[in-house]
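# Residue-level structure breakdown
Listed below are the residues making up each chain.
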Amino acid sequence: MKKKVLRAILIACSAFCICGGALMGTVRAEKADQGARTEKGVDDTVYCVGSVSKVYVTVAVMQLVEQGKVRLDDPVTEYVPDFEMADERYRDITVRMLMNHTSGIMGTTFENAFLLNDAEKDRGEIVLKNLKGQRLKAAPGKYAAYCNDGFDLLQLIVERVSGMEYTAYVKKYIADPLGAKSIGTALSMFEGDGETCVYHGGINYGKEFVGALGAGGIYSTARDTCEFGSAFFKGDHRLLSEQSKREMNALSVRDPYQAYGLGWDIVTLPQYEEAGVKVLGKAGGTTGQYTFLQVAPEEEISVCVVSSGGSSTFNTAVAECLMNIALEEKGITVKEVTVPEPELLEKVPDEYRKYEGYYGAGLSGGLTEVTFPDMRYMRVKTGMGTTSEELFAYSDQGFVKVNGDVESRSVMPDKNYTVFSFREQGGKCYAVRHEIPYNRGLLREETAYYCGEKLEENPVSETALNAWKKRAAESYEVYSEKYSSDHYRTPIFKMKVMEEGYVVCSLSEGDAVMKIKDATHLESFTTVPGDLNRDLFELCADEEENVHATLGMSYQRTSGNEKLTARVTEVPLQTGQAAWFDVDDAIANSCITVERPENSAIYVYDRFGEVTYSSQMIEWHTSIPLPKGGRVVFAGEDGGVVRIDYEAAD
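Let us look at the structure shown here. Fair warning: this is a prediction, and the values are worked out from it, not measured in the lab.

All told, the structure shown has 32 salt bridges when counted by the stated rule. Glu227 is paired through a salt bridge with Arg238; the nearest N and O atoms lie 2.8 Å apart. Taken together, the positions of Glu227 in helix 9 (residues 222-230) and Arg238 in the loop between helix 9 and helix 10 (242-249) put the pair 11 residues apart, joining distant regions of the chain. Given a relative accessible area of 31%, Arg238 falls into the partly exposed group. Between Arg433 and Glu435 there is a salt bridge whose closest N-O contact spans 3.0 Å. We note that Arg433, like Glu435, is buried.

Now the structure itself:
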């Protein structure tokens, strides 16, 4: 069994490592030129570990707590006095609330968060400036919802209290005590030896710079990330005392659908508890790299799986599989979660009729519609005006996802076992999903989470509704980002208006449901605890009909683009104001070559908005094709100029 499992891992992932216990070592499997896979020895490839970085900055703050320089229940303003928000409740946010996602801060400042082949140092100032104009989505401490900006504030606490830049602090007080040569931040590791590239659509986009150091900017190898995890072994005091580790490892959010500790996403899992094993877990992802770190402190096992490409979900499953193998070596068996065998019932009780309607969440949740056709089954549609739907039969287990013909009752439960239920709390109604996903060749894991909040009536004036309908007839493109921002790879923003007084906003990060406040403002309203209510934002339209999101980005109407014709031979560049053009039919399907400054970028899109060319693509030829119905964006800095030569199509 073990050999089969390990073989599956080598085919599927880039790198993994197990430290401690009976299994130690690193195996690497990288894509060769012909698509084959090759095995190598000790892994020296450096990855951005994404949100696993949150555990690192939490450790740094806990070290300062041990020194008596920081107190967890002090307000953040005690240590970062220039932290302000447009909501007086921000003064109640404590250091602990940043660590367990209960601060009430909206979520993430996306402004220049992910850069390609470029570095930037002033991330802290960007976050402070962005937060200054934001309100809170909830009173501090009310509930937990994943929040990146809180961990960038923790980074600032480390810097202000220690008097050191965070990068230097990480090296001196985290990497060096572990004897780790490859643990650093984006500022010290970017474009260094062994750093992996990111791939999108199979195309190499070069090196990724994640400037949110506290929230996601630690870089390391699988081995050194695993070594970091081993610092949580019982009796290991290289980084923290047992008391500090207990504080981090305890369940700090009292809700049956969340398991946050301090910094950790997971501090308890039912299948491991049944085996008598305490486990800690943290997932991380950037635009193209994924990591999962899992630690069993008492059994002294640390497992890390990293990849360029793939998915966080798969890396999590692989890491748990490796953990279970290591536990077996110690005589501990973790049983696979048993999938119930529900008894399907004919009718949906009338008491559920009140749950019909729309449900919304943050960027990770979007819009869901729940209906009960003739009260015989439940239909769940995702998105607005789509055909994407799931069917659920009522059963002794609740609403179970099924496949087949629901009208004739010729159905069977989906192999990805899913139960949909409803929960009323604090005058709100929430939808909840309980899932046991089917992972071929890997063990099943049980999860439960809030997936939406029922939309209440939001009566708005005809003037306000029509203003947003007019905007929804347009599509918008990001223009405010730095030339190296990854957001130009997926730049389009769209809206759909609901007659109920809501707008579904679609960004590259996902869909969010927002409430119409007036003719120029949309506001977030959901109070869904957990990951799906992350990254909330407000939106406003200016006099020129550009729209600005409190995520830190601005968008302009695509209908206002100039035409790119053969007469356009120079494009002046401007910081924070990308120049967008529609490809004129007269030059469509021809090619151009350009002379441009080093600090600039060009993207070309087809009529569907898909990237066909980017100057960030590695080893791309110099001739740039212009698709019919496509668009081109030129981004750069003040004083730069792009010069264009037109050539005939091949």
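Here we come to helix 2 (residues 53-66). Given 3.6 residues to a turn, an α-helix orients residues that are three or four positions apart in the same direction. Here helix 2 spans 20 Å end to end across 14 residues, near enough to the 20 Å set by a 1.5 Å rise per residue. Here helix 2 lies mainly inside the structure; 12 of its 14 residues are buried. The complete set of buried residues in helix 2 reads Ser53, Lys54, Val55, Tyr56, Val57, Thr58, Val59, Ala60, Val61, Met62, Gln63 and Leu64. Looking one or two residues beyond helix 2, the residue adopting positive phi is Gly68, at roughly 75°.

Below, the discussion takes up the packing of aromatic side chains. Under the criterion given, the structure shown has 25 aromatic pairs. Here the aromatic rings of Phe228 and Phe232 are separated by 5.9 Å at their centres, their planes lie at 80°, and the arrangement is edge-to-face. The pair formed by Phe228 and Phe232 is uniform in burial state, with each residue classed as buried. The interplanar angle of 90° and the centroid separation of 5.0 Å between the aromatic rings of Tyr352 and Phe399 together place this pair among those described as edge-to-face. With Tyr352 in the loop between helix 12 (312-329) and strand 14 (357-360) and Phe399 in strand 18 (residues 398-405), the pair connects residues that are 47 residues apart, well separated along the chain.

Here we come to the environment of Asn403. With respect to the helices, strands and loops of the structure, Asn403 is situated in strand 18. With a relative accessible area of 38%, Asn403 lands in the partly exposed category. Expressed as a C-alpha distance, the spacing of Asn403 and Thr550, which sit 147 residues apart in the sequence, is 41 Å. Excluding its chain neighbours within four sequence positions, the residues that come into contact with Asn403 are Ser410, Val411, Met412 and Asp414. Among the polar contacts made by the side chain of Asn403, one reaches the side chain of Asp414 at a distance of 2.8 Å.

It is worth spelling out the packing of helix 2 against helix 5 (residues 149-162) at this point. Close contact between helix 2 and helix 5 brings their axes to 9 Å; oriented N to C, the two are set at 35°. In this structure, the crossing between helix 2 and helix 5 has a hand that is left-handed. The segment helix 2 lies against helix 5, with Lys54, Val57, Thr58, Ala60, Val61 and Leu64 engaging Phe151, Leu154, Gln155, Ile157, Val158, Val161 and Ser162. Partitioning the contact of helix 2 with helix 5 into residue classes produces 9 nonpolar, 3 polar and 1 charged.

Quick look at the sheet that holds strand 32 (residues 570-572) now. Taking strand neighbours across the sheet as the criterion, the 4 strands line up as 32-39-34-37 in an open arrangement whose pairing is antiparallel. Whereas interior strands pair on both sides, the edge strands pair on one side only; in this sheet they are strand 32 and strand 37 (624-625). Alignment of strand 32 against strand 39 (residues 641-647), held across 3 bridges, turns out to be antiparallel. By the bridge assignment, Pro572 is partnered in strand 39 with Val641.

So, how was this worked out
- Residues numbered from 1 in each chain as written.
- Predicted model: local features only at pLDDT ≥ 70, side-chain atom pairs only at ≥ 80, totals over all residues.
- Heavy atoms only, no water.
- Salt bridge = Lys/Arg side-chain N within 4 Å of Asp/Glu carboxyl O.
- Helix = DSSP H or I, 4+ residues; strand = E, 2+ residues; numbered from the N terminus.
- Buried < 20%, exposed > 50% of the residue type's maximum accessible area, 1.4 Å probe, protein only.
- Expected span 1.5 Å × (residues − 1).
- Phe/Tyr/Trp six-rings, centres within 6.5 Å; stacked < 30°, edge-to-face > 60°.
- Contact = heavy atoms within 4.5 Å.
- Polar contact = N/O pair within 3.5 Å; in protein donor to acceptor, adjacent residues only side chain to side chain.
- Axes fitted to C-alpha atoms, helices over the stretch in contact; angles between N-to-C directions.
- Left-handed = near helix turned anticlockwise from the far one by under 90°.
- Nonpolar A, V, L, I, M, F, W, Y, C, P; charged D, E, K, R; others polar.
- Pairing = 2+ DSSP bridges.

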